[in-house]
Amino acid sequence: MARMFRVLGFWTLVIALMAFAGDMYEFALLFFMQTAVFFLLGYLNFTERTYMMMFWGYMILAFLGFTYWSVFEMGMPV
């Protein structure tokens with residue numbers, strides 16, 4: 001399971017580099033930070049249960065953040 005967090009880190013790095021190349025600096029910074037966290041967690045060698053709990057916590061925060069941003073921060077389409 002630790003290896004999967006390193007895989008997540010790799011893919012977030014790929015997304016961050018593409019965003020950086022596309023001049024989306026805030027988006028790229030967000031994904032660079034996620035990359036650092038995923039790589040750090042991937043090398044800490046927690047138990048399988050701990051990794052699953054951290055992943056579910058990450059998914060809940062990500063979906064809540066996306067929902068908040070899309071409902072309250074983005075304007076209504078015209």
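In what follows, the structure referred to is the one given above.
The structure displayed is predicted, hence computed values, not measured ones. (Residues numbered from 1 in each chain as written. Predicted model: local features only at pLDDT ≥ 70, side-chain atom pairs only at ≥ 80, totals over all residues. Heavy atoms only, no water.)

Caption draft 1: Structural context of helix 2 (residues 25-42). Taking 1.5 Å of rise per residue, the 18 residues of helix 2 would be expected to cover 26 Å, and the 25 Å separating its terminal C-alpha atoms lies within 8% of that figure. Within helix 2 the residues assigned to the buried category are A28, F31, Q34, T35, F38, L41 and G42. Viewed along the axis of helix 2, the buried residues span an arc of 150°, placing them on a single side of the element. Set apart from the buried face of helix 2 by more than 90 degrees, the exposed residues are E26, L29 and L40. Each element contacted by the buried residues of helix 2 is listed here: helix 1 (2-21) and helix 3 (48-73). (Helix = DSSP H or I, 4+ residues; strand = E, 2+ residues; numbered from the N terminus. Expected span 1.5 Å × (residues − 1). Buried < 20%, exposed > 50% of the residue type's maximum accessible area, 1.4 Å probe, protein only. Arc of directions from axis to C-beta. Contact = heavy atoms within 4.5 Å.)

Caption draft 2: Expanded view of unusual backbone geometry. The residue D23 is not glycine, and still its phi comes out positive at about 60°. Relative to the elements of secondary structure, D23 occurs in the loop between helix 1 and helix 2. Looking at D23, the relative accessible area reads 52%, which means it is exposed. Its identity is not glycine, yet N45 carries a phi of approximately 55°, on the positive side. Residue N45 is classed as exposed on the basis of its relative accessible area, which comes to 59%.

Caption draft 3: The arrangement of the environment of V14 in detail. Residue placement: V14 occurs in helix 1. The sequence separation of V14 and F32 amounts to 18 residues, and the corresponding C-alpha distance is 9.3 Å.

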